[in-house]
Amino acid sequence: MAGRPRFLCGVVEGRLKRRELNCYMYAPKDELKHRLLWREPYTEHEAARMRSLIEAAQEQGVEFVFAISAGQDMVFSSAGDRLLLQQKLRQVAAMGCHSFALLFDDIDPCMCQADRDVFPSLAQAQASVANEAYQELGQPSIFLFCPTEYCSSLCSPSPSQSCYLLTLGQELLPGIGVIWTGPKVVSQELSATLLEEVEGVLQRRPVIWDNLYANDYDCRRVFLGPYTGRAPGLMSRLRGLLLNPNCELQANFIPIHTLGSWFQSELGSCARPDHAGMEVTAALRDSQGPQKGTYSPREGTYSPQEALELALLDWVAEINQQALEPEPLTAKEARSGPTAPVTPDEARSNPTAPLTLDEVRMLVELFYLPYHHGSQAQHLLEHFRWLWANSLSVGVPAAADDASGICRLHSRFVSSAGRALLYDLHRYLWDIRNVLLAASAFVLWLGGGRVSPGRTPPAALYPRNCLASLADGHLLCDRDPKGTWGSCFGWCKSITAPILLGGDAEPWARRGGLFGELQALLPVGNSCDLFYHPPPLFPCSQLYLLRPLLPPDKAELYRMCRESSDCDPKVAEILVAHPDLLGDRLLGSFLSLSPEYTFVLEDKGGPCGYAAGALCAEDFLQQRDSNWLPATRHKYPRDLGAGTPAPGQGALEEALLFFHTEPLAVPVPVLRRFPSLVQLGTAPRVLDVGASRSLAICLLSALRANGSRGVFCQVSATDQQQLSFYSRLGFVALPVAWDSSPGTRLLGRLL
């Protein structure tokens, strides 16, 4: 090989929009013939598509590296397997590919008996296969090898003492590059010291496979922050650096943009006269050919924050251009187009206006990096944690502003983002919106809704000036310190708080990032089934508010109950004369006897959902039957429904039967195991299942906070919609004898 091969900088297992990057490694896990069916050659149709991809990369000056992962079931000593591997590589070489990679990562390190009879070690077996394939292809200038021990944490006992790595360093031919991920699978930092150690063991400079943005290990996380944590001057210690990006294409704009900035900065630093190893790095810089300067904050330096600001400007332009055009344009074309920056005031007055720079920055900071939250997300999380611990003394929390801001961002994102971006990122933002709805309402409930001294409640959260009427907190005195929320934050931290990561922990221990940490603050945070639900197929931009009950809500909730009922004209006439009848049937007993456990979901049209509960169902039912029902029977005589549809066929008749029929006793085993009663309802216009689930989560959190270990509900056996909704919340039909009420089912779930 003449001359020094150029430094490889690009992406692996993803898609590349070239931003002065020069390499793309084809290694898709969902391509069967890459891994599971690696022995099978590509069909004529598949080969044509592969050839077009290779040619497209070459036209853009991007090195196309074809990777194959054969280690899962390859018999290293089998001449047949070796031949099939070489034939597969030769087939791709015939398509015009000149660069290759053999991947032996994430496989069983134990060899089969046939291999143990031939090779003294796994390293020698893999090196033998790699050397033979490398020579068969004519020793291409780029031929990469991913070892089974590909990071420090997988080496035993350390990289410098790993027999596997030492053997690879000795056995692999010098022209074969070795892939390395750093100290861990997902490395927070890369240092020159560690790379020196690895270079000494492998006897060659490694190629970094950087998993900083890989999110395939956690379906609740995506990473939008800037490329960071890599020490300056690393190029002299590396043969290349390939970024493993997010699974979602639209999520990778800032990662790839800032990687390009880092690459240009590293190339620029090669020319500095005081740079260590100037001759080596200058040769690396010269091998790249002429470069277009895309990053120039300070000569030869890389600042993640400055790179982020530059990337944000380009991304906002591209986001808003994509929302207007069916085909995406380059950032340069987008910036030269007609799209003008939108001010925050314009965004507030026009929900469908293009996204602003501040809104996109907030989106990035909510989903920042594996080991770090963005500043706004960190502020929000710390604020909620403090309010959890101090809610009884501070009243209405300032964190409500943060929650409403993110709810507005969700609404704006759904209204303004292009389809590709929306469907790639909506589910992550939707999750955060949902958990914040529940968390902010729960904090309001904890504090009783009192306003902090000198503070006005946010109008977006409390359109009515009714805060003074809320109770003075809703936590019970400690009857049992272990059974109630009285020890509040200490219990939360000991039971549901996120794991504090040690120095060696991988990021998947964080349980969903910001979403997971907010979930863990709720008393029902351990009930993961409450929080995990597929996002809607058609995202909804509706703004919702979730809060504890206020006195003026009764009339509007009753109106919602009337409007949700589909009744004939005769019934409608009766409801005009008795407008509270259906509301009393559904909510009256809860609002009279247990208002402190009632939460309201509200949209721009007013209340559109409720969650009502009773902490001690046994006491609640006794008071309902002995006090509330007799008064209600007097209010609604039994003959009120004379001339209406037959019994059981209408909401009116069902309500009158409920009022005038002797209540059935709930079986004692149910009351002992599921001591709390709940009832949930939403208006037909509520199509966002996330808002409905947040409503339920808030009520269950309030009940769990005061010691409840289980809840039950009574649902009509013919109400399939309600049965389905409760089922998705983890409620199951209780196997108890309740023969006296065949038309009603008891459903329960543990907390």
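Everything quoted here is computed from the prediction, not taken from an experiment.

J.: Explanation requested: the packing of aromatic side chains in the structure shown.
T.: Two aromatic rings, taken as a pair, are described by how far apart their centres are and by the angle between their planes. A complete count under the given rule lists 18 aromatic pairs for this structure. Summarising the aromatic geometry, the rings of Phe 104 and Phe 145 are spaced 5.4 Å apart at their centres and angled 50° between planes, so their arrangement reads as tilted. Here Phe 104 is found in the loop between β4 (99-103) and α3 (113-116), whereas its partner Phe 145 is found in strand β5 (residues 142-146), with 41 residues between them in sequence. On the basis of relative accessible area, Phe 104 is assigned to the buried category, the value being 1%. Centre to centre, the rings of Tyr 217 and Trp 508 are 5.2 Å apart; their planes meet at 70°, and the pair counts as edge-to-face. Residue Tyr 217 is found in the loop between β7 (207-210) and β8 (240-243), and its partner Trp 508 is found in the loop between α16 (488-495) and α17 (513-521); the two are separated by 291 residues along the sequence.

J.: Where do I start with the sheet that holds β4 in this structure?
T.: Each strand in a sheet pairs with its neighbour through backbone hydrogen bonds, running either in the same direction (parallel) or in the opposite one (antiparallel). The strand order β1-β2-β3-β4-β5-β6-β7-β8 describes a closed barrel built from 8 strands, whose pairing is parallel. Adjacent strand axes in the sheet meet at a mean angle of 25°, parallel and antiparallel pairs treated alike. In the sheet, β7 pairs with β8 via 4 bridges, with the strands oriented parallel. Its bridge partner being in β8, Asp 210 is matched across the sheet by Leu 243.

J.: Mind showing me how you'd approach the pattern of salt bridges here?
T.: Where charged atoms from two side chains of opposite charge approach closely, those side chains can pair. Enumeration over the complete set of coordinates arrives at 25 salt bridges. Between Arg 82 and Glu 132 there is a salt bridge, with its nearest N and O atoms 2.5 Å apart. With Arg 82 in helix α2 (residues 79-94) and Glu 132 in helix α4 (residues 122-136), the pair connects residues that are 50 residues apart, well separated along the chain. Residue class for Arg 82 comes out buried when judged on its relative accessible area of 9%. Between Glu 248 and Arg 427 there is a salt bridge, with its nearest N and O atoms 3.0 Å apart. With a gap of 179 residues between them, Glu 248 in the loop between β8 and α7 (253-269) and Arg 427 in helix α15 (residues 419-447) connect regions that are remote in the sequence. By relative accessible area, Arg 427 is classed as partly exposed at 28%. Where salt bridges share partners, they join Arg 39, Asp 73 and Asp 81 into one cluster.

J.: Would you mind showing me how to read the sheet that holds strand β15 (residues 744-750) here?
T.: Judged by pairing direction, the sheet is mixed, and its 7 strands sit side by side in the order β9-β10-β11-β12-β13-β15-β14 without closing on themselves. The open sheet has two edge strands with one neighbour each: β9 (545-548) and β14 (732-733). The pairing of β14 with β15 spans 2 bridges and is antiparallel. Looking at β15, one finds that Ala 733 is bridged to Leu 747. This element, α15, spans β9 and β10 (598-603) of the sheet and lies at about 25° to β9. Its contacts with the sheet place helix α24 (residues 689-705) against β9, β10, β11 (606-614), β12 (676-682), β13 (710-716) and β15, and it is angled at close to 160° to β12.

J.: In this structure, what is going on with helix α20 (residues 581-593)? I would like to understand it.
T.: Think of an α-helix as 3.6 residues a turn; residues three or four steps apart then line up on the same face. If you check α20, its first and last C-alpha atoms are 17 Å apart, about what 13 residues at 1.5 Å a residue would give, namely 18 Å. At Leu 587, α20 shows its largest kink, close to 65°. A large share of α20 lies buried, amounting to 10 of its 13 residues.

J.: Whenever I open this one, the nonpolar core confuses me. Can you help?
T.: Soluble globular proteins: nonpolar side chains tend toward being buried together. By size, the foremost hydrophobic cluster in this structure holds 192 residues, and its most contacted members are Phe 66, Trp 262, Trp 315, Leu 425 and Phe 712. The leading source of residues in this core is α15, at 16 residues. Residues within four places of Trp 262 in sequence aside, it is in contact with Cys 9, Tyr 227, Arg 230, Leu 234, Met 235, Leu 241 and Tyr 302. Core analysis: the second largest hydrophobic core is formed by 21 residues, Val 12, Leu 103, Leu 144 and Cys 146 among them.

J.: Can you help me understand the packing of α4 against helix α5 (residues 163-171) in this one?
T.: Each packed pair of helices is defined by two parameters, the angle between the axes and the distance between the axes. Contact geometry of α4 with α5 gives a least axis separation of 9 Å together with a crossing angle of 30°. What the angle tells us is that α4 and α5 run roughly parallel. For α4 against α5, the interelement crossing comes out right-handed. Taken together, the residues of α5 that come into contact with α4 (itself represented by Leu 122, Ala 123, Gln 124, Gln 126, Ala 127 and Asn 131) are Tyr 164, Thr 167, Leu 168 and Glu 171. Residues that form the contact of α4 with α5 fall into these classes: 5 nonpolar, 4 polar and 1 charged.

J.: Explain unusual backbone geometry to me, please; I cannot follow it from the model alone.
T.: A negative phi angle is the norm for most residues apart from glycine, just as the trans form is the norm for most peptide bonds. In the segment running from Ser 156 into Pro 157, the intervening peptide bond is cis, with an omega of -5°. The residue Pro 157 is located in the loop between β5 and α5 in this model. The residue Asp 106 is not glycine, and still its phi comes out positive at about 55°. With respect to the helices and strands, the residue Asp 106 is situated in the loop between β4 and α3. Even without being glycine, Gln 203 reaches a positive phi, approximately 60°. Take Gln 203: it is sitting in the loop between α6 (192-202) and β7.

J.: Mind showing me how you'd approach the pairing of β10 here?
T.: Every regular strand shows the same layout, with side chains that alternate between the two sheet faces. In terms of residue burial, β10 counts as a mostly covered element, since 6 of its 6 residues are buried. Residues of β10 alternate between two faces, with Thr 598, Val 600 and Glu 602 on one and Phe 599, Leu 601 and Asp 603 on the opposite face, all of them buried. Where β9 lies against β10, 4 bridges are found, and the strand directions are antiparallel. Directly across from Leu 546, in β10, lies its bridge partner Leu 601. Inspection of the sheet shows β10 paired to β11 by 6 bridges, in the antiparallel sense.

Conventions adopted
Residues numbered from 1 in each chain as written. Predicted model: local features only at pLDDT ≥ 70, side-chain atom pairs only at ≥ 80, totals over all residues. Heavy atoms only, no water. Phe/Tyr/Trp six-rings, centres within 6.5 Å; stacked < 30°, edge-to-face > 60°. Helix = DSSP H or I, 4+ residues; strand = E, 2+ residues; numbered from the N terminus. Buried < 20%, exposed > 50% of the residue type's maximum accessible area, 1.4 Å probe, protein only. Pairing = 2+ DSSP bridges. Axes fitted to C-alpha atoms, helices over the stretch in contact; angles between N-to-C directions. Salt bridge = Lys/Arg side-chain N within 4 Å of Asp/Glu carboxyl O. Contact = heavy atoms within 4.5 Å. Expected span 1.5 Å × (residues − 1). Bend = angle between axes of the 7 residues up to and from the residue. Core = buried A, V, L, I, M, F, W, Y, C linked by side-chain atoms within 4.5 Å. Parallel < 35°, antiparallel > 145°, perpendicular 65-115°, else oblique. Left-handed = near helix turned anticlockwise from the far one by under 90°. Nonpolar A, V, L, I, M, F, W, Y, C, P; charged D, E, K, R; others polar.

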